[in-house]
Amino acid sequence: MAMKLCCRILIHRRNSVFFGFPSPKSHSHHPFPEIPSISRMNFTHRHEFHNFSPRILGFRGAIDRTQKPFSATIANWGRFRVFSSACNGNCVGRGLHVIASIASNVRSYSTSVETRVNEKNFERIYVPNGLNVKPLIVERIDKDENIGIDEEFRVEDNGERVNNENSKGLHNVVVPNVGKEESTVEKEAWKLLRNAVVTYCGSPIGTLAANDPADKQPLNYDQVFIRDFIPSALAFLLKGEAEIVRHFLLHTLQLQSWEKTVDCYSPGQGLMPASFKVRTIPLDENKFEEVLDPDFGESAIGRVAPVDSGLWWIILLRAYGKITGDYTLQERVDVQTGIKLILNLCLSDGFDMFPSLLVTDGSCMIDRRMGIHGHPLEIQALFYSALRCSREMLSIDEGSKNLVRAINNRLSALSFHIREYYWIDMKKINEIYRYKTEEYSTDATNKFNIYPEQIPHWLVDWIPEKGGYLIGNLQPAHMDFRFFTLGNLWSIVSSLGTPKQNEAILNLMEAKWDDLMGNMPLKICYPALEYDEWRIITGSDPKNSPWSYHNGGSWPTLLWQFTLACMKMGRPELARKAVDLAEKRLPEDHWPEYYDTRNGRFIGKQARLYQTWSIAGFLTSKMLLDNPEVASLLFWEEDYELLEICVCGLRNSGRVKCSRGVAKSQILV
């Protein structure tokens, strides 16, 4: 007898939330108590491989009429309340009522550079007669009403099937024509990438981090990571296979509502998971069910929240619309709310005086202690990109105008901050070398009190005459002069740097090709921490030993970002040179995760083989080079309107010069 599949989502039993509202308390006589009609959701759902229709703002699942939802205790997972769905036949179910409300608290989103907007308006949104109805009915609730921070969503199915929302637009997608026969290496890479695809309830949902059949201890490499899936998603989009990307975006959006708790403390609602795993749990009567089990950092080394996951999710959402031409996904109410929740986390007020995001060590691709706590360039570049993406995708209405204003203000302040204070070249280093310290004034030159003795000896001889880069981090009395590849490349892609700075970064990478590319592109950072620096900064981390892993290791997955940056700057020959170098070794070495030694000669001592984002990064690079028109959809040009935005009140004061005016003068030179 064949086993029957069902799908469910694990939700933590204690004070669990589903898109912002706690789940109803369990009663012994009925698993779902009676819910007031204003927040009741009655729906039907049908599972088909090519007609994916998640309901309840991204929720996916079906329930057999004979199968009751249940609560279960699973070893090592704690106690969970389960939205259960047992598939029987065509997986059709009816009659499940679930509260689906969203706490998005669209505040005035003030930033450190804008004057505070005193209005605080919230929206209550009802979607009558199903998810497909447009336009929405929006009720504006002014700040003086006695209303909480939650927005209630009511979706009533009235017994009719609504299963076209998630597939809308997929059948009319216009995809690029590669028009080139694939090489043997590319065919092998595509076979490996497809073998790494993970399915959930019969539909593709992502790719494994690594898929080495000989690996007996996969640890968490058998999970779907948001950041790791980005090159895979782009590869599938460029291939014309958008379904897996759409499913991934919706399911990770659904997981955003999960309650995340470490030692009785929960972070903000908008946090996206670092990864998730599809687990199969056997039931009685020859049935089994699949569950999504996310990790928000509570299982990660160091228990660090993945700050970059939400930023990458927004970037991928824009890429999906740009490449496929299907903008219905980003227009959905649940997707719009997901964007706002992420931005709410990033734009919330705090003690910081800078427009850059303050994060802990290990909160991005470099997910171990490497001395990047503070304001690392990688996070700032992704943050800037996500803000530009969000400004394009947000529906403009009365409720979002304050958010859009805050985005514009933050973009303007952040671009100036990075361009002015993170940039170094030979001229800037000489200026720092002559800095005066302990300056106490509003017009100080050495604003961060950087001591000239911080300039490392290696930098003086390493920096070329023509070229420069954005440093890795900036804090009071501290500049991290290491070259971090991802942050610099993504600054080019997003136009976080000026056109002259972007050109200088590529000039430096070309001049220092042997250091940054070597035998395998690309160094994740340069140089490596060694000796006392390694012991003090990494805590003597054996995995991050000098010239290994995150400490100066070479990562093939960075190829696609290098390719995109080169194509934006009109230098595809540099990208082809790097791709050709990688193509000679990657298949022979079985597609490792990273390479060790100063020149990348050895496969990393703990590197996983058949690493999916190494495979996908190579494929995406090849397809971007073959499709320059499509590649142009994925990067941003300079936005001169941002330079005109100024709310700092300094333009007419005469006390200090306006940052936007300075930035504009830099661009036009």
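Scoring rules and cut-offs
Residues numbered from 1 in each chain as written. Predicted model: local features only at pLDDT ≥ 70, side-chain atom pairs only at ≥ 80, totals over all residues. Heavy atoms only, no water. Buried < 20%, exposed > 50% of the residue type's maximum accessible area, 1.4 Å probe, protein only. Helix = DSSP H or I, 4+ residues; strand = E, 2+ residues; numbered from the N terminus. Arc of directions from axis to C-beta. Contact = heavy atoms within 4.5 Å. Core = buried A, V, L, I, M, F, W, Y, C linked by side-chain atoms within 4.5 Å. Salt bridge = Lys/Arg side-chain N within 4 Å of Asp/Glu carboxyl O. Axes fitted to C-alpha atoms, helices over the stretch in contact; angles between N-to-C directions. Parallel < 35°, antiparallel > 145°, perpendicular 65-115°, else oblique. Left-handed = near helix turned anticlockwise from the far one by under 90°. Nonpolar A, V, L, I, M, F, W, Y, C, P; charged D, E, K, R; others polar. Phe/Tyr/Trp six-rings, centres within 6.5 Å; stacked < 30°, edge-to-face > 60°. Lys NZ or Arg CZ within 6 Å of the ring centre and 35° of its normal.

A.B. asks: Any details on helix α9 (residues 426-433)? Residues and values, ideally.
C.D. replies: Looking only at α9, the buried set comprises Lys 428, Ile 429 and Ile 432. Down the axis of α9, the smallest arc covering the buried residues is 100°, so these residues share one side. Every exposed residue of α9 that faces more than 90 degrees away from the buried side is listed here: Lys 427 and Tyr 433. Considering only its buried residues, α9 is in contact with α8 (401-421), β17 (423-425), α10 (457-462) and β20 (478-480).

A.B. asks: Requested: an account of unusual backbone geometry, with residues and values cited.
C.D. replies: Following Pro 521, the chain continues into Leu 522 via a peptide bond in cis, with omega recorded as -5°. With respect to the helices, strands and loops of the structure, Leu 522 is situated in the loop between α13 (513-516) and β22 (525-526). That bond from Tyr 526 to Pro 527 is cis: its omega, -5°, falls within 30 degrees of zero. With respect to the element layout, Pro 527 can be found in the loop between β22 and α14 (531-538). Even without a glycine there, the phi angle at Tyr 549 is positive, about 50°.

A.B. asks: Can you lay out the nonpolar core for me, pointing to particular residues and giving the numbers?
C.D. replies: With 163 residues, the main nonpolar core has Trp 313, Tyr 469, Met 509 and Phe 562 as its most contacted residues. Among residues more than four places away in sequence, those in contact with Met 509 are Phe 483, Thr 485, Leu 489, Leu 516, Met 517, Leu 522 and Phe 562.

A.B. asks: Run through the pattern of salt bridges, naming residues and quoting values.
C.D. replies: As a working rule, side chains carrying opposite charge can pair if their charged atoms are close by. Taken as a whole and assessed by the stated rule, the structure comprises 21 salt bridges. As a salt-bridge pair, Asp 308 and Arg 227 come within 2.7 Å of each other at their nearest N and O atoms. Within this pair, whereas Asp 308 is found in helix α4 (residues 307-324), its partner Arg 227 is found in helix α2 (residues 226-239), the two being separated by 81 residues in sequence. Linking Arg 585 and Asp 589 is a salt bridge whose minimum nitrogen-to-oxygen distance equals 3.2 Å.

A.B. asks: If you had to explain the packing of helix α15 (residues 559-568) against helix α16 (residues 572-585) to someone new, which residues and values would you point to?
C.D. replies: Following both chains from N to C, one finds α15 and α16 inclined at 160°, their axes separated by 7 Å at the closest point. Classified by the angle their axes make, α15 and α16 are roughly antiparallel. Like other packed secondary-structure pairs, α15 and α16 cross with a definite hand, here left-handed. Residue-level inspection shows Leu 559, Phe 562, Thr 563 and Cys 566 of α15 in contact with α16, the latter providing Pro 572, Leu 574, Ala 575, Ala 578, Val 579 and Ala 582. Here the contact of α15 with α16 is built from residues that sort into nine nonpolar, one polar and no charged.

A.B. asks: So what's going on with the packing of helix α1 (residues 184-195) against α2? Residues and values would help.
C.D. replies: Between α1 and α2, whose axes approach to 12 Å, the crossing angle comes to 115°. As for the relative orientation of α1 and α2, their crossing is left-handed in sense. Between α1 and α2, the residues in contact are Trp 190, Leu 193 and Arg 194 and Ser 232, Ala 235, Phe 236 and Lys 239, respectively. In terms of residue class, the contact of α1 with α2 is made up of four nonpolar, one polar and two charged.

A.B. asks: Could you give an account of the packing of aromatic side chains, with specific residues and numbers?
C.D. replies: Under the definition given, this model contains 21 aromatic pairs. Between the aromatic rings of Trp 462 and Tyr 526, the centroid separation amounts to 4.9 Å while the plane-to-plane angle is 20°, which identifies the pairing as stacked. Of the two residues, Trp 462 sits in helix α10 while Tyr 526 sits in strand β22, which places them 64 residues apart along the sequence. Of the two residues, Trp 462 and Tyr 526, neither departs from the other in class, the shared state being buried. Here the aromatic cluster, defined as three or more aromatic residues joined through ring pairs, consists of Trp 458, Trp 462, Tyr 469, Phe 483, Tyr 526 and Trp 547. Against the face of Tyr 549 rests Lys 543, its NZ or CZ located 4.3 Å from the ring centre.

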